[in-house]
Amino acid sequence: MTHITRRDFVKYLAGTAGLGSAAYSPLSHAVKYQARVIIIGGGYGGATVAKYMRLANPHVEVILIEKKQQYTSCALSNEILTRERTMDSLTFNYDGLKNFYGVRVMHDEATEIEPVKKQVVTRGGQTLDYDRLVVSPGVAFRWDAIEGYNKAASKVMPHAWFAGEQTLLLRRQLEAMDDGGRVIIVAPPNPYKCPPGPYERAGLIAHHLKHHKKDKSKIQIFDAKDKFAKKALFEQAWEQHYPGMIQWISASNDGKVQAVDTKKLAVITEFDEHKGAVINVIPPQKAGLIAEQAGLADESGWCPVNQRTFESRIHQDIHVIGDACIAGPMPKSAYSANTQAKVCAAAIDALISGSPTPEPSYVNTCYSIPAPGHGISVAGVYRLEGEKIVAVKGAGGVSPLDASEWERKIEAAYARSWFKNITSDIFL
Ligand SMILES: Cc1cc2nc3c(=O)[nH]c(=O)nc-3n(C[C@H](O)[C@H](O)[C@H](O)COP(=O)(O)OP(=O)(O)OC[C@H]3O[C@@H](n4cnc5c(N)ncnc54)[C@H](O)[C@@H]3O)c2cc1C
């Protein structure tokens, strides 16, 4: 195992085949760094904090540890199911962060965090010192929560909750399904990433069925909850575009799935067994594994943080952002992760320089497109009250129920431009 100090790291980058010469900016040789910030996870949260940390203070060395060579966005990945979007359009590389912002990108998996020694250990055998660490690993599944639902079962009943092969598998199953087949979506309990995601997905699956002469088919959503984000707006969209095709079954109406049977292609609730032609199981979730392994999560499975700086309430000098952290009323979304990352970068810059941390403000909008050309949204603006993030009263809200067709079209266009803007902000 190698122990890498700050000085050694440039040498390491230059000599490691997997990283290539583009992994660091030549300018960085001339810079004497004030501090080193390591970031684990190069998704919406981690990649944003990497860029904004370097913008806030170019004298801080920023190392981003990301296990994948490219990032595939989950946001808008439901559109893969209707072939309105390609996987390529959701896929981004780290060249911008490396070449324009001087972020040192290491494609490796962080396997251990040593909060006392202030070190990160990677699967590739590196040990890296840090002054501050940001952990943004996203979510992990609670594979044990639904009896019989494990990694092997997800090859038969895809979750499609990490965009990629699983999303394509779900699409193949839907395209192969006969007319009259029943599609089952198993929706998880709160909290989980993308609260409106399962309901947007139901709409787009219905769109696929309706336009591929499978309109005798039905979709049933078995839910572990009694309500969900933008419920009235989704139900309105379903009735308008796919009357009678989508049925939502709440937890109180025996909607909570307790087990699955992959051989029978069935889900089992407390009182019944339901067979499906295609079954999409979105399991209960918790903070990404590295956060849990490092003891950053509490008994809820998520990571408590100081909501001003996103510094862990359990281990000092470690910040947790994005889906993995507990951020009051902010939903687990790409937009939340992006805004938390900016607050976190500004706070770390202040902490490194010994100045007061700035007064944060936070924002989120979650767009959903339950039918092509039909957009709806929920938006929130947040501020700090005492030590807690609270929603600013009168700011944000949901799309009106009585919006015109034109307004729904505009919101669908906004959803697309939101995606273009946020991914340009982070990756380009
Ligand atoms: C179907 C679907 C639709 C969605 N639509 C929207 C939307 O329209 N709008 C919206 O705002 N949000 C949407 N989301 C939610 C959004 O994708 C997440 O909230 C967001 O990705 C969270 O960002 P993050 O940085 O916390 O985690 P992620 O983006 O998941 O990034 C985590 C990264 O960490 C890496 N990683 C994890 N562990 C390690 C490790 N040990 N070492 C190295 N790397 C590691 C992973 O490879 C990954 O790249 C959607 C989600 C889904 C599933």
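Residues numbered from 1 in each chain as written. Predicted model: local features only at pLDDT ≥ 70, side-chain atom pairs only at ≥ 80, totals over all residues.

## A look at the sheet that holds strand E12 (residues 182–187)
Read from one edge to the other, the open sheet built from four strands follows the order E14-E13-E12-E18, with strand pairing classed as parallel. The open sheet has two edge strands with one neighbour each: strand E14 (246–249) and strand E18 (278–281). Strand-to-strand twist across the sheet, computed as the mean angle between neighbouring axes with direction ignored, equals 15°. The sheet contact formed by E12 and strand E13 (residues 218–223) spans six bridges and is parallel. Residue Arg182 lies in a different strand from E13, and its bridge partner there is Lys218. (Pairing = 2+ DSSP bridges. Helix = DSSP H or I, 4+ residues; strand = E, 2+ residues; numbered from the N terminus. Axes fitted to C-alpha atoms, helices over the stretch in contact; angles between N-to-C directions.)

## Some thoughts on the pairing of strand E3 (residues 60–65)
The buried fraction of E3 is high, at six of six residues. Where burial is concerned, the two faces of E3 agree: the one with Val60, Val62 and Leu64 and the one with Glu61, Ile63 and Ile65 are both buried. Judged from the six bridges that link them, strand E2 (residues 35–40) and E3 form a sheet pairing that is parallel. Opposite Ile40, over in E3, you have Ile65 as the bridge partner. Read as a crossover between parallel neighbours, the route from E2 over helix H2 (residues 44–56) to E3 is right-handed. In this sheet, strand E6 (residues 104–106) lies alongside E3 in parallel orientation, the contact comprising three bridges. In the sheet register, Ile63 faces E6, and the bridge partner there is Arg104. (Buried ≥ 20, exposed ≤ 12 C-beta atoms within 10 Å, placed from the backbone. Right-handed = clockwise from strand over helix to strand, strands pointing away.)

## Here we look at the domain arrangement of the protein
How large an interface is tends to be reported as the accessible area lost when its parts come together. Taken as a whole, the protein is organised into domain 1 (2–140 + 286–355) and domain 2 (143–283). Put simply, the middle of domain 1 and the middle of domain 2, counted by C-alpha atoms, are 32 Å apart. Residues that form the side of domain 1 that touches domain 2 fall into these classes: six nonpolar, six polar and three charged. (Domains from an automatic or database assignment. Nonpolar A, V, L, I, M, F, W, Y, C, P; charged D, E, K, R; others polar.)

## Quick word on the site of the ligand
Every one of the 38 residues lining the ligand counts as a neighbour, but Gly41, Gly43, Gly45, Gly138 and Gly322 are closest to it. Residues that form the shell around the ligand fall into these classes: 18 nonpolar, 13 polar and seven charged. When residues of the shell around the ligand are sorted by domain, at least three fall in each of domain 1 (2–140 + 286–355) and domain 2 (143–283). (Near = placed C-beta within 6 Å.)

## Considerations on the sheet that holds strand E15 (residues 259–261)
Here we have three strands laid out as an open sheet, ordered E15-E16-E17, and antiparallel in their pairing. The sheet is open, and its two borders are formed by E15 and strand E17 (273–275), each paired with just one other strand. Shown here is a sheet whose adjacent strand axes are inclined to one another by a mean of 20°, direction ignored. Bridge analysis of E15 against strand E16 (residues 266–268) gives three bridges, and the strand direction is antiparallel. When the bridges of E16 are listed, Val260 appears paired with Val267.

## Considering helix H8 (residues 334–353)
When the terminal C-alpha atoms of H8 are compared, their 29 Å separation across 20 residues agrees well with the 28 Å that a helix rising 1.5 Å per residue should span. Counted residue by residue, H8 has 16 buried out of 20 residues, so it is predominantly covered. Residue Gly354 follows H8 closely and has a positive phi angle near 75°. (Expected span 1.5 Å × (residues − 1).)

## So, helix H9 (residues 405–427)
The end-to-end C-alpha distance of H9, which contains 23 residues, comes to 33 Å, matching closely the 33 Å that a straight helix rising 1.5 Å per residue would cover. Those residues of H9 that sit buried are Arg408, Ala412, Ala415, Thr423, Ile426 and Phe427. Buried-residue contacts for H9 involve H2, strand E5 (91–92), helix H3 (95–99), H8, strand E23 (361–371) and strand E24 (374–385). (Contact = placed C-beta atoms within 7 Å.)

## As for the packing of H2 against H8
Relative orientation of the contacting elements H2 and H8 amounts to 35°, with a least axis distance of 8 Å. Here the hand of the crossing between H2 and H8 comes out right-handed. Contacts between H2 and H8 involve Tyr44, Gly45, Thr48, Val49, Tyr52, Met53 and Ala56 on the former and, on the latter, Ala334, Ala337, Asn338, Gln340, Ala341, Lys342, Cys344, Ala345, Ala346, Ile348 and Asp349. (Left-handed = near helix turned anticlockwise from the far one by under 90°.)

## Let's talk about the environment of Lys227
In this structure, Lys227 sits in the loop between E13 and helix H6 (231–241). With 193 residues separating them along the chain, Lys227 and Lys420 place their C-alpha atoms 30 Å apart.

## Brief notes about the pairing of E12
By the criterion of burial, E12 is predominantly enclosed, with five of the six residues buried. Following the chain from E12 across helix H5 (residues 197–210) to the adjacent parallel E13, one finds a crossover that is right-handed. Note that E12 and E18 share four bridges and pair parallel. If you follow Ile184 over to E18, its bridge partner there is Ile279.

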